[in-house]
Amino acid sequence: MPELQLALDQVTQEFRVGRRSVRAVDHVSLTIAPGQVICLVGESGSGKTTTGKIAAGLLKPTAGSVRFGGQDIWQLDHDAFRRFRRAVQIIHQDPYASLNPVHTVYDTLAAPLQHHGLTRGQAATLRRVHELLTLVDLTPPENFLWKYPHQLSGGQRQRVAIARALTVQPQFIVADEATSMVDVSIRVSLLNTLRRLRDDLGVGFLFITHDLAIAKYFGWEGSIAVMYLGRVVEIGPTPALINTPQHPYTRALLAAIPEPDPDLTRSKQKLQLRSLDIPSLLNIPPGCSFHPRCPLFEAGLCDTIVPELTPLDGRRVACHIVAREHANGHALPPAAAGTGGESTALSPSSGLNPSG
Ligand SMILES: Nc1ncnc2c1ncn2[C@@H]1O[C@H](COP(=O)(O)OP(=O)(O)OP(=O)(O)O)[C@@H](O)[C@H]1O
Ligand code: SF4
Ligand SMILES: [Mg+2]
């Protein structure tokens with residue numbers, strides 16, 4: 001039997017903003033296999049959540065297709081689409097907003113079980129709710145069953161949200177900043193819970209985070225896709241991206257991590273951006289949209305021609321200069337000071353903050 005993959009093929013999403021339209025996601029292609037992790041990283045507004053919603057079937061892309069098991073989900077009949085929606089669950093960033101405040105933990109987990117006929121009778125439902133709470137490390141389950149969201153900590157609420165996603169036995173989970181609302185101290189434990197679901201249940205993840213350090217931890221055996229203004233600018237195996245980042249933007253993201261992580265520190269190079277400002281989607285720069293910030297910018301090329309993702313050194317990179325230097329057999333040019341304007345590095349406040 002062919003693997004049941006979830007594939008985004010050249011998806012584009014445009015939104016109307018007043019009389020104009022903005023392109024929040026621009027020709028993004030990703031394929032996730034069962035048990036595989038793809039981390040989507042990038043600064044605020046780069047299109048991560050929009051891409052996640054498209055993958056989960058909550059948004060129909062303006063162009064491109066989403067295929068599940070080889071079938072275009074937007075061509076499925078009603079019943080098949082419902083099966084898809086069950087198979088691909090999304091965990092939203094804010095469990096406060098996604099959990100009903102007047103429902104107990106039991107209500108929250110029992111409702112989908114009963115709605116989808118996954119358990120028969122009260123006793124079976126209660127048993128399954130116990131199992132789910134144990135799976136997400138809310139133990140002993142009886143201590144949590146009758147609690148309301150406001151009686152739980154942020155981490156516990158996020159675990160309930162994960163358990164709810166698991167009620168329908170999904171094959172894929174879109175986890176949108178699933179650990180960013182919790183304290184650093186419990187983040188690792190929550191990430192380990194998610195990892196166990198991947199390893200034990202074979203769940204595939206589209207793991208969205210603005211934090212490359214978390215992507216490294218959760219997705220080391222998987223891949224990272226770096227997004228900038230709606231486009232994927234570098235995608236490849238996590239060790240390659242972390243150890244030998246190629247795109248100037250990936251290098252800037254890595255350089256912004258102040259953590260004493262030896263891998264991340266080793267691959268950090270002094271990279272000074274020409275500007276901290278992220279351009280508006282209403283006014284995307286021509287050519288390479290990163291060019292107003294890029295220290296390797298070359299006039300006449302970078303501000304004119306959009307770089308396409310090109311296979312290179314075990315990953316794909318969208319950068320004219322990196323591709324040219326690679327083709328010439330040269331190492332990546334040093335990302336030295338900018339060629340004008342204020343030279344600066346990305347700071348945590350620009351959207352990449354390891355502490356979330
Ligand atoms: N329904 C919408 N209507 C108009 N614009 C939207 C809509 N949803 C998202 N956008 C815009 O699309 C862009 C991408 O948004 P998105 O939420 O996908 O980014 P993100 O990478 O998840 O950001 P963050 O890290 O802040 O969560 C933003 O500029 C946002 O304002
Ligand atoms: S194409 Fe040019 S502006 Fe864009 S990332 Fe590469 S060097 Fe920088
Ligand atoms: Mg988001």
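For the structure, see preceding data.
What comes next concerns the included structure. Keep in mind it's a predicted model, so treat the numbers as computed, not measured.

Overview of the site of ligand 1
Right, on to step 1. Near ligand 1 you find 14 residues, and of these Phe15, Ala24, Ser44, Thr49 and Thr50 are the closest.
Right, on to step 2. Within the residue set of the shell around ligand 1, elements represented by two or more residues are strand 1 (6-17), strand 2 (20-32) and helix 1 (48-55).
Right, on to step 3. For the shell around ligand 1, the element with the most residues is helix 1, which contributes three residues.
Right, on to step 4. When its residues are assigned to classes, the shell around ligand 1 shows five nonpolar, eight polar and one charged.

Description of the pairing of strand 1
Right, on to step 1. Alignment of strand 1 against strand 2, held across nine bridges, turns out to be antiparallel. Bridge pairing in strand 2 links Leu8 to Leu30.
Right, on to step 2. Counted along the chain from strand 1 to the antiparallel partner strand 2, the turn is two residues long, and its residue Gly18 has a positive phi close to 60°.
Right, on to step 3. When strand 1 meets strand 4 (residues 63-68), the two strands line up antiparallel, connected through five bridges.

Quick notes on the sheet that holds strand 12 (residues 315-317)
Right, on to step 1. Pairing is mixed across the open sheet formed by eight strands, whose spatial order is 6-7-8-3-9-10-12-11. In this open sheet, the two strands that pair with only one neighbour each are strand 6 (88-91) and strand 11 (310-312). Across this sheet, the average inter-strand angle for adjacent strands is 20°, counted without regard to direction.
Right, on to step 2. In this sheet, strand 12 lies alongside strand 10 (residues 231-237) in antiparallel orientation, the contact comprising two bridges. By the bridge assignment, Glu234 is partnered in strand 12 with Val317.

Considerations on unusual backbone geometry
Peptide bonds are trans in most cases, and residues, glycine excluded, mostly fall at negative phi.
Right, on to step 1. The omega angle of the peptide bond from Thr139 to Pro140 is -5°, so this bond is cis rather than trans.
Right, on to step 2. By the element assignment, Pro140 lies in the loop between helix 5 (121-135) and helix 6 (154-166).
Right, on to step 3. At Glu177, a residue that is not glycine, the phi angle is positive and equals roughly 50°.
Right, on to step 4. With respect to the secondary-structure elements, Glu177 resides in the loop between strand 7 (172-176) and helix 7 (184-201).

Thresholds applied
- Residues numbered from 1 in each chain as written.
- Chains lettered and ligands numbered in written order.
- Predicted model: local features only at pLDDT ≥ 70, side-chain atom pairs only at ≥ 80, totals over all residues.
- Near = placed C-beta within 6 Å.
- Helix = DSSP H or I, 4+ residues; strand = E, 2+ residues; numbered from the N terminus.
- Nonpolar A, V, L, I, M, F, W, Y, C, P; charged D, E, K, R; others polar.
- Pairing = 2+ DSSP bridges.
- Axes fitted to C-alpha atoms, helices over the stretch in contact; angles between N-to-C directions.

Purely geometric numbers; function is a separate question.
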